[in-house]
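Okay, here's what each chain looks like letter by letter:
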Amino acid sequence: MERPRHQGMTKNTYMRWRLPLVCLLWEVAMIVLFGVFVRFGPEADAHWEEEKREMNLTSDIENDFYFRYPSFQDVHVMIFVGFGFLMTFLKRYGFGAVGFNFLLAAFGIQWALLMQGWFHSFKSGKILVGVENLINADFCVGSVCIAFGAILGKTSPIQLLVMTLFQVTLFAVNEYILLNLLHVKDAGGSMTIHTFGAYFGLTVTRILYRPNLEQSKDKQGSVYHSDLFAMIGTLYLWMYWPSFNSAISEHGDAQHRAAINTYCSLAACVLTTMAFSSMLQKKGKLDMVHIQNATLAGGVAVGTSAEMMLTPYGSLIVGFICGIVSTVGYVYLTPFLESRLHIQDTCGIHNLHAMPGLIGGIVGAITAAAATEDVYGKEGFIKAFDFTGTYQTRTPSVQGGFQAAGIVVSLLMAFAGGALVGAILKLPVWGDAAAE
Amino acid sequence: MERPRHQGMTKNTYMRWRLPLVCLLWEVAMIVLFGVFVRFGPEADAHWEEEKREMNLTSDIENDFYFRYPSFQDVHVMIFVGFGFLMTFLKRYGFGAVGFNFLLAAFGIQWALLMQGWFHSFKSGKILVGVENLINADFCVGSVCIAFGAILGKTSPIQLLVMTLFQVTLFAVNEYILLNLLHVKDAGGSMTIHTFGAYFGLTVTRILYRPNLEQSKDKQGSVYHSDLFAMIGTLYLWMYWPSFNSAISEHGDAQHRAAINTYCSLAACVLTTMAFSSMLQKKGKLDMVHIQNATLAGGVAVGTSAEMMLTPYGSLIVGFICGIVSTVGYVYLTPFLESRLHIQDTCGIHNLHAMPGLIGGIVGAITAAAATEDVYGKEGFIKAFDFTGTYQTRTPSVQGGFQAAGIVVSLLMAFAGGALVGAILKLPVWGDAAAE
Amino acid sequence: MERPRHQGMTKNTYMRWRLPLVCLLWEVAMIVLFGVFVRFGPEADAHWEEEKREMNLTSDIENDFYFRYPSFQDVHVMIFVGFGFLMTFLKRYGFGAVGFNFLLAAFGIQWALLMQGWFHSFKSGKILVGVENLINADFCVGSVCIAFGAILGKTSPIQLLVMTLFQVTLFAVNEYILLNLLHVKDAGGSMTIHTFGAYFGLTVTRILYRPNLEQSKDKQGSVYHSDLFAMIGTLYLWMYWPSFNSAISEHGDAQHRAAINTYCSLAACVLTTMAFSSMLQKKGKLDMVHIQNATLAGGVAVGTSAEMMLTPYGSLIVGFICGIVSTVGYVYLTPFLESRLHIQDTCGIHNLHAMPGLIGGIVGAITAAAATEDVYGKEGFIKAFDFTGTYQTRTPSVQGGFQAAGIVVSLLMAFAGGALVGAILKLPVWGDAAAE
């Protein structure tokens, strides 16, 4: 950044050629790979008129675009404005947070379109993309934004791009294992996005531990206007989370239900966050950081189960618990992680994404295991869990077991991947955030 | 709030246990009531496949979710970002406005889902919720946000929550009288939301009158950045108001028409606001507060009639008048209300919601009374005013009379309810904003 | 504005009566013209039930409202928040930019509804409006917002309104020539909005050249919070640009495709902007102004071709090039234009809109010329370019030629119109921005 007070961005002379080179080379690689692999899916291709006849659709309104585009735009706002501005509560990193989030997300979505495309939309040698691919790419990058929250202030832009490259790759692999091999449901990504992203980031920040970072703690303070900017991030995440959890659910009742469950969970979460924030602080004052972060935990924690028949009161209970867990985490666990385990969690993602993500995975497993044909209806039951083909005979309790296995796989991928990527980021070639 | 300069939030030691207790107890009550009463409506339930067949729908796209979800999200942004940030124009209350608005709205929507559900969506002992319920809950809370604008700086968080509880209850009763007993149309809520909410809040602030509050008037000034934050609130309210007024209109032409009428009214309102702001100020300078508030009056004033055949030029006329009325109100009426009637209207809701809401009710009554089968078409006429069943024989002029009665009922409910709730808030048990 | 530090708004005593008079007279004129000409289109009229039968539509969801309203709202946000806040990066003009943008856009959309209505929606003596008209009015005003970016700080509010009146008029004429006479495709407006708007504004600013304006250059600096406000503008433009380019495309695949192409182009543009910004600055620092502006060039440059079969990799290539062109323009061309050609381009619209707009026109011409029935399918080919009726026999290469002609016409209209309007604005009757 041009002005010295924008501390978040780098003024390393050595960087002068490295960041441009990496950006240009990678973008050229994207162009080549997109040229070889990526084409329009049938609903975005000019052959759509023929496709429509084949699919027996009578109206253009049945194009998937109209089912998902409004949700896509909400998710898009969450990734670029939501995550970007949420991190401005740390005054020192204000612009850097927004700017680097912009850079890593713009790069990440391209690589995610390829990685997820190879796994899920690969037909006759081509990746066929539509609006659902755009949403999934945003989701994938969301997990990188989460991990960024743990290492904010400790990495150079190049290191961020390297982390993005690896994390998107590992995300796609993990997602493939969960959704395709384990046949697990996770539409809002409690496991694939939040649990994976958060524990990945926490492992990386542990490896990049720098004892002297504590000395600059005073720079981590927030100020009045930073708090209002951060509230923009918070509120957009909070308001649009129902779109996030419903964006890639099945058409019809599943999208509808996911939005309602998420709305309820988030509402409850605000009240318990306020309650515990007030209770745990000296003199009963509310802590801004809790309001900016813990109020969102309710959205994370219904990420797996929102499209299921969790019911509104079930959602309220989940939100109730997560507001408490997350706020208590900020007060007691974050300092403990830093002082004892040397995990410097800049934005407190352990409280906002890691723990609520785990809870979300568990709630999903329980909700799936408790499913009955009575509650879902015969057709609804099969549709909700996609119990067709190979999975025709899977029972709810077995599904619950696989859901639980999905949590474990996500955790293992996060720890192993985070350790690997952390080690790579320690290589001296990437430049140093100390110059920041 | 943690830092002393966030004056909007409270540092009362006595509060330490009261706010947490109220939040937790009320949230537990919500969970119990939701557990007993709230279930998914047919379009959000997993039995939707069967429902679809019964309703003779051929595509998932005909689920109400796709008709209303984009508008719901716009309304959601208006309630949480729009109302929250609009109030930041008062520097002293910046964060408090956003934070407390968040708290009361999150609590209010839950209670509104129940109250409105009992009145409108109660079937076989259960409240069946869908996306329209979420919009209505947001609407209901909107009226609380409006009232909050009058008492900003004069209440503790607990008092706000108590007011929310009572106001939501009274809102639901008033809405039931208007929509069900009087069979009145009010899709954008000129009467139910704005007239009721504003006069309710003004009555409460009259009762809570504190002479010495004037002394701190210098703290009510706005500053440069506050003005830009407030403009975020203003613009999101202004841009999304067409969604607000069309969100719960009938599918098809009514939603379409409501959006167009509102768009026109708001555009006209900007020009007359600028004109009168410049004309009434010394030296022709524009006053920020007018631009931030009076430009929105055009949206309020077509709240009842937007879905009717008001026509674009009719909308321009309404917007034209309201920009003038609202700006003149800020210049002459607000100081008069405070000095003579002891009504301290912190954000000037009398100018933005009360008067335009009344105008909106009157415009609605006139537009309904002037309706003809020629203008609406035979089918359109019946559909627009729901002249079916018991109301089959109601004529436009009778409908106009009932619409007018709706204004009177809303006013009476607001005055009586506001007096009651104001008296309750004066009880010494709730803590005191003086500590703020 | 009331407080002296809001330099963007005027405190000219002479203004006291002029601005109000202009606003009120023009609004009255709008009311009269709307009263004579504007009515609801068939999909917003209460006769819709009959219309539906005639058009053989089975569901209300096939009302154009549901195809376009979410995109409309995104475009609306781009015009009022996006363009308004983007300009706040110049600290001196922060509030003035947002406030005047609000004023000119609110006036402009009314006049645009009339002008575009007479050209495109005029039936039996009436302009029939629907949601597509609202989008087109916003688009038209977008070109005024672009031109405003060149003259920011050099005009009084009255001059802005006069410019808006003339520019909207010329925009509608130019658009009519391109879309109707030349039968050119330009759904995202690379030619009609960006090329026309930018060169129009640059011509006006050349004519209004004031040498001493350079002295106040220090006031043009940006500061930390201004940068964060500007990023709000940038990000909303960047995120919603896929909606902008797809908003008025044909239903179905064309809207879907336009969104995907724009998403890809914008993502690539971010990386090359960051690369060249870092490369061209001393010490490899990133320049905020580049990130706030050049990252958007990719959206401008696929404005014509996004709805065509540009393909995702084609979009990446366009974005790749435009990020470079735009950033290089900010570094080398803007200073050159000011010092040698006396074109003071306050916000750098030559880099963000003019050059990328030209590139967009050229890319559109090439993409159209390269179209084949093989790529589009027989039906898709005819639908994509509307090769029906008179244009039944037009070939892709001929279409490419007409597209190229569209660029030339837009440029000529911009230069001639800009010169005319610039001369009009120099008349002494309009008041002077020097008083600001």
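Everything numeric here is computed off the predicted structure, so don't read it as measured data.

Asks: Can you walk me through the overall build of chain A in this structure?
Replies: For chain A, the count of helices and strands is 16 helices and 3 strands. Taking 2.2 N^0.38 as the reference for a compact globule, 436 residues should give roughly 22 Å; the C-alpha atoms of chain A span a radius of gyration of 21 Å, in line with that estimate. Once the C-alpha set of chain A is aligned to its principal axes, its extents read approximately 65 × 55 × 35 Å. Going through the 436 residues of chain A one by one, you find that 72% of them count as buried. Contacts in chain A between residues at least 24 apart in sequence constitute 82% of all its contacts with a sequence separation of at least 6. About 12,600 Å² of surface is accessible on chain A, with carbon and sulfur atoms providing 64% of the total.

Asks: Would you take a moment to explain the interface of chain B and chain A for this structure?
Replies: Frequently, the measure chosen for interface size is the accessible area removed from exposure when the parts meet. In this assembly, 77 residues from chain B lie in contact with 74 residues from chain A. Buried area between chain B and chain A, summed over both chains or domains, comes out near 6,500 Å², and the portion from carbon and sulfur atoms is 72%. Taken together, the connections running from chain B to chain A amount to 2 salt bridges. When the shortest N-O distance is used, the salt bridge between E49(B) and K383(A) registers 2.8 Å. Counting every contact that joins chain B to chain A gives 17 residue pairs in polar contact (both at pLDDT 80 or more).

Asks: Mind showing me how you'd approach the nonpolar core here?
Replies: General note: in soluble globular proteins, nonpolar side chains tend to be found buried as a group. Counting residues in each nonpolar core, the largest one holds 432 residues, and the members touching the most others are Y236(A), W238(A), Y236(B), W238(B), Y236(C) and W238(C). If near-sequence neighbours (up to four positions away) are discounted, Y236(B) is found in contact with Y236(A), V77(B), M78(B), V81(B), V77(C), V81(C) and Y236(C). One finds C269(A), V302(A), A306(A) and I359(A) within the second-largest nonpolar core, a separate group that totals 11 residues.

Asks: Would you explain the packing of helix α6 (residues 157–181) of chain B against helix α16 (residues 396–425) of chain B in this entry?
Replies: Two numbers describe a pair of packed helices, the interaxial angle and the distance between the axes. All names here are of chain B. Remark: α6 packs on α16, axes separated minimally by 10 Å, with the N-to-C direction vectors making an angle of 160°. Viewed along their axes, α6 and α16 adopt a mutual orientation that is roughly antiparallel. α6 and α16 meet at a crossing whose hand is right-handed. Facing Q159, V162, M163, F166, L170, V173, N174, I177 and L178 of α6, the residues of α16 in contact are G406, V409, S410, M413, G417, V421, I424 and L425. Residues of the contact of α6 with α16, tallied by class, amount to 12 nonpolar, 5 polar and no charged.

Asks: Would you take a moment to explain the pattern of salt bridges for this structure?
Replies: Any two side chains of opposite charge can pair, on the condition that their charged atoms come close. In this structure the tally under the stated criterion is 24 salt bridges over all chains. Linking D64(A) and R68(A) is a salt bridge whose minimum nitrogen-to-oxygen distance equals 3.3 Å. Residue D64(A) and its partner R68(A) are both found in helix α3 (residues 64–86); the two are separated by 4 residues, about one turn of the helix. The partner of E132(B) in a salt bridge is R68(B), and the shortest N-O contact between them spans 3.6 Å. Of this pair, E132(B) sits in helix α5 (residues 131–151) while R68(B) sits in helix α3 (residues 64–86); the two residues are 64 residues apart in sequence, bridging distant segments of the chain. Since its relative accessible area comes to 30%, E132(B) is described here as partly exposed. In the salt-bridge network here, residues are joined through shared partners; they are E49(A), K52(A), D60(A), D253(C), R257(C) and K383(C).

Asks: What should I look at first to understand the side chain of S190(B) in this one?
Replies: By secondary structure assignment, the location of S190(B) is in helix α7 (residues 190–207). Separated by 3.1 Å, the side chain of S190(B) and the backbone nitrogen of G303(B) make a polar contact.

Asks: Is there a simple way to think about the sheet that holds strand β3 (residues 126–129) of chain A in this case?
Replies: The pairing of strands in a sheet happens through backbone hydrogen bonds and is either parallel or antiparallel. All names here are of chain A. Strand order in the open sheet formed by 3 strands is β1-β3-β2, and the pairing between neighbours is mixed. On the outer flanks of this sheet lie β1 (38–40) and β2 (122–123), each paired with one strand and no other. With 2 bridges connecting them, β2 and β3 associate as antiparallel partners. Paired with K123 across the bridge in β3 is K126.

Asks: Just to check I follow, could you spell out the relation of the copies chain B and chain A for this structure?
Replies: What relates the pair of chain copies is a rotation about an axis plus a shift along that axis. Least-squares fitting of chain B to chain A yields an RMSD of 0.0 Å, with the transformation described by 0.0 Å of translation along the axis and a rotation of 120°. The transformation relating the two chain copies, once decomposed into turn and shift, fits a three-fold axis. Looking at the rotation axis and the C-alpha trace of chain B, the residue lying nearest is P70(B), at 3.6 Å. Looking at chain B, a mere 10% of its interface residues are interface residues in chain A too, so the copies touch through different faces.

Asks: Any chance you could explain unusual backbone geometry here in plain terms?
Replies: Note on backbone geometry: most residues besides glycine have negative phi, and most peptide bonds are trans. With phi around 70°, T311(B) is a residue other than glycine that occupies positive phi space. By secondary structure assignment, the location of T311(B) is in the loop between α11 (297–301) and α12 (312–341). Note on T311(B): relative accessible area 13%, which makes it buried. You will see that D386(C), though not glycine, has its phi angle at about 55°, which is positive. Within the secondary structure layout, D386(C) lies in the loop between α15 (378–385) and α16 (396–426).

Asks: Just to check I follow, could you spell out the state of the cysteines for this structure?
Replies: Defined simply, a disulfide is a covalent bond joining two cysteines at their sulfur atoms. Inspection of the entire model under this criterion finds 0 disulfides over all chains. A disulfide-free cysteine, C269(A) has its sulfur positioned 6.4 Å from the sulfur of C322(A), the nearest such atom. Take C145(B): it sits in no disulfide, and the sulfur closest to it among the cysteines is that of C140(B), at 9.9 Å. A relative accessible area of 2% places C145(B) in the buried class.

Asks: Where do I start with the environment of D287(A) in this structure?
Replies: Structurally, D287(A) can be placed in the loop between α9 (253–280) and α10 (288–293). The spatial distance from the C-alpha of D287(A) to the C-alpha of N133(A) is 38 Å, given a sequence separation of 154 residues.

Asks: Looking at this structure, how should I read the confidence of the model for chain A?
Replies: Chain-level pLDDT for chain A is 89 on average; 91% of the residues reach the 70-or-more range. The low-confidence segment residues 215–221 of chain A, where pLDDT is below 50, has 8 contacts with residues more than four positions distant or belonging to other chains.

Asks: How should I be thinking about a nonpolar patch on the surface in this particular structure?
Replies: Residue and element names in this part refer to chain A. Together, W17, L21 and L25 line one region of the surface with nonpolar side chains, adding up to about 350 Å² of accessible area. Along the polypeptide, L21 turns up in helix α1 (residues 15–37). For L21, a relative accessible area of 47% corresponds to the partly exposed category.

Asks: What exactly am I supposed to notice about the sheet that holds strand β1 (residues 38–40) of chain C here?
Replies: The strand order β1-β3-β2 (chain C) describes an open sheet built from 3 strands, whose pairing is mixed. The open sheet terminates on both sides in strands that have one partner only, identified here as β1 and β2 (122–123) of chain C.

Asks: Sorry if this is basic, but what is going on with helix α5 (residues 131–151) of chain C here?
Replies: Counting along an α-helix, one turn takes 3.6 residues, and residues three or four places apart therefore face a common direction. All names here are of chain C. With 21 residues, α5 extends 31 Å from end C-alpha to end C-alpha; this agrees with the ideal 30 Å at 1.5 Å per step. Most of α5 is tucked away, with 20 of its 21 residues classed as buried. Taken from the residues just after α5, G153 is the one with a positive phi, measuring 95°.

Asks: Help me understand the interface of chain C and chain B, please; the structure alone is not making it clear to me.
Replies: With 77 residues of chain C at the contact, the number on the chain B side is 74 residues. Here chain C and chain B share 2 salt bridges between them. For R53(C), the salt bridge identified is with E379(B), shortest N-O distance 2.8 Å. Where chain C packs against chain B, one counts 17 residue pairs in polar contact (both at pLDDT 80 or more). The set of elements that each furnish at least two residues to the side of chain C that touches chain B consists of α1 (15–37), β1, α2 (48–54), α3 (64–86), α4 (94–120), α5 and α8 (224–246) of chain C.

Conventions used here
Residues numbered from 1 in each chain as written. Chains lettered and ligands numbered in written order. Predicted model: local features only at pLDDT ≥ 70, side-chain atom pairs only at ≥ 80, totals over all residues. Heavy atoms only, no water. Helix = DSSP H or I, 4+ residues; strand = E, 2+ residues; numbered from the N terminus. Rg over C-alpha atoms; globule rule 2.2 N^0.38 Å. Buried < 20%, exposed > 50% of the residue type's maximum accessible area, 1.4 Å probe, protein only. Contact = heavy atoms within 4.5 Å. Areas by Shrake-Rupley, 256 points an atom, 1.4 Å probe, with all protein chains shown as cover. Buried area = accessible area lost by both parts, 1.4 Å probe. Salt bridge = Lys/Arg side-chain N within 4 Å of Asp/Glu carboxyl O. Polar contact = N/O pair within 3.5 Å; in protein donor to acceptor, adjacent residues only side chain to side chain. Core = buried A, V, L, I, M, F, W, Y, C linked by side-chain atoms within 4.5 Å. Axes fitted to C-alpha atoms, helices over the stretch in contact; angles between N-to-C directions. Parallel < 35°, antiparallel > 145°, perpendicular 65-115°, else oblique. Left-handed = near helix turned anticlockwise from the far one by under 90°. Nonpolar A, V, L, I, M, F, W, Y, C, P; charged D, E, K, R; others polar. Pairing = 2+ DSSP bridges. Least-squares fit on C-alpha atoms with pLDDT ≥ 70 in both. Disulfide = S-S within 2.5 Å. pLDDT = per-residue confidence, 0-100. Patch = residues over 30% accessible without salt bridge, like charges linked within 9 Å, V, L, I, M, F, W, Y side chains within 5 Å. Expected span 1.5 Å × (residues − 1).

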